[in-house]
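Here is what each chain is made of, one letter per residue.
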Amino acid sequence: MKHVRQQKAIRIVATLALTLALAGIAIPAQAQTFTSLHSFGGGGGTPPDGSYPTGLVQGTNGYLYGTTAFGGNQCGNYYGTVFKISTTGTETILDNFCTEGLTYGSWAALALATNGDFYGANGVPYKVAPSGAFTTYPDSCTVDCGAAPNATMVQASNGDLYGTMQGGGAYGQGTIFKLTLAGVQTTLHSFCETQNAEGDCLDGVGPFTALVQGTNGDLYGATQSGGATQSGTIFKITLAGDFTTIYTFCLTSGCPDGEYPKAALVQGAGGNFYGVTSSGGTAYGGGTFFTMTPSGALTTLYSFCLLNDDCVDGNHPLALMLATDGNFFGLTGNGGASDYGTIFQFTPSGSLTTEHSFDGTDGYVNNTSYNGPMLIQDTNGTFYGVTEQGGANYLNCPTCNGTVFSLSMGLRPFVKTLPTSGKVGSAVKILGNKLTGATSVTFNGVAATFTVAASTEITATVPTGATTGVVKVVTSTGTTLTSHLVYTIP
């Protein structure tokens, strides 16, 4: 069922406006339109397309792709599905995990690689072509690569994929691994390698989130627990596997800096990282929004449940992303007007606006969510996301089945590059919308040779003389589309 709601959140925004105005903090004012695009049918519903969606990723063809952890019944069981969905809500089931010999669904969402295929992990690594062709890779680890992958992988600047496992490894507490596009897997770090006299895992336990590559080339991530306080850590690791713990949460009584991070870090325009914790903070333990330097100096910018213990501003944040307007958007697992979670917006200084409160029929985020990219921004400027539970049948099945939604904030279309860095002469995919007939592609002002592969994809070559900066595409109508992130030329 599809329906559109104008989500004004008058009570929430008005209360926040008063609170933040007293503190001299401005709130960004933007019109928003929330749309429920699709409700999943589980294994026995209509359609039997899965339940508990784990995240979305935009493909080179403009469709959104994802996986579900359960549901689907092609083999008479409910082991999850791979699906694609248009930005208007037309869904296609591409595969059932059971048909590939896998006996459970995927908690780890898909990652788009530079070859245009999607990669994931479900006990074993696998690849999915945009058409749905499915390839599994045999276990190639010489040591324990870990178990329970719960986070999407990230393709680093060297072309390899990097990810985390929540369990397994040399000490049974999770791992960081590398996967080549050919499917060769290598363990880079096993958590709990560093312990104190009490047996605490000082380097963290159970990484729950995806990694992010910083502009310095290192990968940054978080563990949901472990560290000296058992409240989680932030770490960095080089592409070669040199590991460093750079922050431990809750070293101060009461955990004013938060604890138990469950969302990937995001690097802002100024080079610092931003993140959320699912608990802790100075209010009612509803979690925090923070910023951190690459060396690990952390500043808490906001504590959820700040207004009252009803948490109308949301609590237990589970997702965070940087939008093209320079603000951060994300999801909370609970709180809001109906206590089914919220979509929020933060300015870089920590001013919060609640953009939507879920009511169950349009989704229920659920604070137990296993986190893939639960909220993304499409190159058309609109946000798309998933909820783990809820949907059109929510009143008859409170734990069913998850949704796909969109949120329009009136932001302009843009382009993104795949990859985001490369040397002069490198081939680059440029993703966008309405690219047919494009007349110009430039890398930081230097013209590039290019070919329009489709209305959603351009292939270009990094030109001689180009330096690090934004990529711009001039369309057939004269509109200039600019990349959200700078393209880095080493």
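Small disclaimer: the values here were computed from a predicted structure and weren't measured.

The rules behind the values
Residues numbered from 1 in each chain as written. Predicted model: local features only at pLDDT ≥ 70, side-chain atom pairs only at ≥ 80, totals over all residues. Heavy atoms only, no water. Helix = DSSP H or I, 4+ residues; strand = E, 2+ residues; numbered from the N terminus. Rg over C-alpha atoms; globule rule 2.2 N^0.38 Å. Buried < 20%, exposed > 50% of the residue type's maximum accessible area, 1.4 Å probe, protein only. Contact = heavy atoms within 4.5 Å. Areas by Shrake-Rupley, 256 points an atom, 1.4 Å probe, with all protein chains shown as cover. Lys, Arg positive; Asp, Glu negative; His and termini not counted. Charge placed at Lys NZ, Arg CZ, Asp CG, Glu CD. Salt bridge = Lys/Arg side-chain N within 4 Å of Asp/Glu carboxyl O. Pairing = 2+ DSSP bridges. Disulfide = S-S within 2.5 Å. Phe/Tyr/Trp six-rings, centres within 6.5 Å; stacked < 30°, edge-to-face > 60°. Polar contact = N/O pair within 3.5 Å; in protein donor to acceptor, adjacent residues only side chain to side chain.

Asker: I'd like to hear about the overall build of the chain, residue by residue, with values.
Answerer: On a plain count of helices and strands, the chain comes out with one helix and 38 strands. A compact globule built from 490 residues should have a C-alpha radius of gyration of about 23 Å, and the chain, at 21 Å, falls within 12% of that. A burial count over the chain gives 59% of its 490 residues as buried. The long-range share in the chain, meaning contacts at least 24 apart out of those at least 6 apart in sequence, stands at 49%. In the form shown here, the chain has an accessible surface area of approximately 17600 Å², with 53% of it arising from carbon and sulfur atoms. Charge-centre separation for the chain: the mean point of 15 positive side chains lies 14 Å from the mean point of 27 negative side chains.

Asker: Before we move on, could you go through the pattern of salt bridges and cite the residues and values that matter?
Answerer: For the coordinates displayed, the defined rule picks out three salt bridges. The salt bridge partner of aspartate 160 is lysine 178, with a shortest N-O separation of 4.0 Å. Of this pair, aspartate 160 sits in the loop between strand S12 (154-155) and strand S13 (161-165) while lysine 178 sits in strand S14 (residues 175-179), and the two are 18 residues apart along the sequence. Of the charged contacts, one joins lysine 429 and glutamate 457 as a salt bridge, the two residues approaching to 3.2 Å between their closest N and O atoms. With lysine 429 in strand S32 (residues 427-431) and glutamate 457 in strand S36 (residues 457-461), the pair connects residues that are 28 residues apart, well separated along the chain.

Asker: Before we move on, could you go through the sheet that holds strand S17 (residues 219-223) and cite the residues and values that matter?
Answerer: Strand order in the open sheet made by the four strands is S16-S17-S18-S19, with antiparallel pairing throughout. Where the open sheet ends on each side, the last strands, each with one partner, are strand S16 (212-213) and strand S19 (243-248). Here two bridges tie S16 to S17, and the two strands are oriented antiparallel to one another. In the sheet register, valine 212 faces S17, and the bridge partner there is tyrosine 220.

Asker: Can you explain the pairing of S14? Please cite residues and give values.
Answerer: Within S14, four of the five residues are buried, which leaves the element mostly enclosed by the surrounding structure. In terms of strand pairing, S13 meets S14 through five bridges, oriented antiparallel. If you follow tyrosine 162 over to S14, its bridge partner there is lysine 178. Bridging between S14 and strand S15 (residues 185-190) involves five bridges; their strand directions are antiparallel. Residue pairing across strands places phenylalanine 177 opposite threonine 187, the latter belonging to S15. Two successive antiparallel strands, S14 and S15, enclose a turn made up of five residues, where glycine 183 displays a positive phi of approximately 95 degrees.

Asker: Help me get a handle on the sheet that holds strand S38 (residues 480-482), residues and values and all.
Answerer: What the four strands build is an open sheet, ordered S34-S33-S37-S38; its pairing is antiparallel. At either margin of the open sheet sits one strand with a lone partner, and together these are strand S34 (446-447) and S38. Bridge count for strand S33 (residues 440-443) against strand S37 (residues 471-474) is four bridges, and the pairing is antiparallel. Across the sheet, threonine 442 pairs through a bridge with lysine 472, a residue of S37.

Asker: Give me the state of the cysteines: which residues, what numbers.
Answerer: In a disulfide, the sulfur atoms of two cysteines are covalently bonded to one another. Applying the stated rule across the entire model yields three disulfides. Here cysteine 250 connects covalently by a disulfide to cysteine 255, the sulfurs 1.6 Å from one another. Residues cysteine 250 and cysteine 255 are joined through a disulfide that is left-handed, its torsion about the S-S bond being -60 degrees. The pair cysteine 250 / cysteine 255 is uniform in exposure class, with both members buried. Cysteine 305 shares a disulfide with cysteine 311; S-S distance 1.7 Å.

Asker: Tell me about the packing of aromatic side chains, residues and numbers included.
Answerer: Per the counting criterion, the structure on display carries 30 aromatic pairs. With a centroid separation of 5.6 Å and an interplanar angle of 80 degrees, the aromatic rings of phenylalanine 34 and phenylalanine 358 are classed as edge-to-face. One end of the pair, phenylalanine 34, is in strand S2 (residues 33-39); the other, phenylalanine 358, is in the loop between strand S27 (352-357) and strand S28 (375-377), with 324 residues separating them in the sequence. Each member of the pair, phenylalanine 34 as well as phenylalanine 358, carries the same accessibility label: buried. Both rings, one in phenylalanine 40 and one in phenylalanine 83, keep their centres 5.2 Å apart while their planes meet at 65 degrees; by these two values the pair is edge-to-face. Of this pair, phenylalanine 40 sits in the loop between S2 and strand S3 (51-53) while phenylalanine 83 sits in strand S6 (residues 81-85), and the two are 43 residues apart along the sequence. Of the two residues examined, phenylalanine 40 and phenylalanine 83, each falls in the buried class. An aromatic cluster is built from Tyr274, Phe289, Tyr302, Phe304, Phe328, Phe344 and Phe346, whose rings are joined through pairwise contacts.

Asker: Describe the side chain of aspartate 362, listing the residues and the values that go with them.
Answerer: Counting through the fold element by element, aspartate 362 comes out in the loop between S27 and S28. Reaching out from aspartate 362, the side chain makes a polar contact with the backbone nitrogen of aspartate 359 at a distance of 2.8 Å.

Asker: Can you explain unusual backbone geometry? Please cite residues and give values.
Answerer: A cis amide bond, omega 5 degrees, links leucine 418 with the succeeding residue proline 419. Mapped onto the elements of the fold, proline 419 is located in the loop between strand S31 (416-418) and S32. Backbone geometry at tyrosine 52 places phi at a positive 60 degrees, although glycine is not the residue there. Given a relative accessible area of 17%, tyrosine 52 falls into the buried group.

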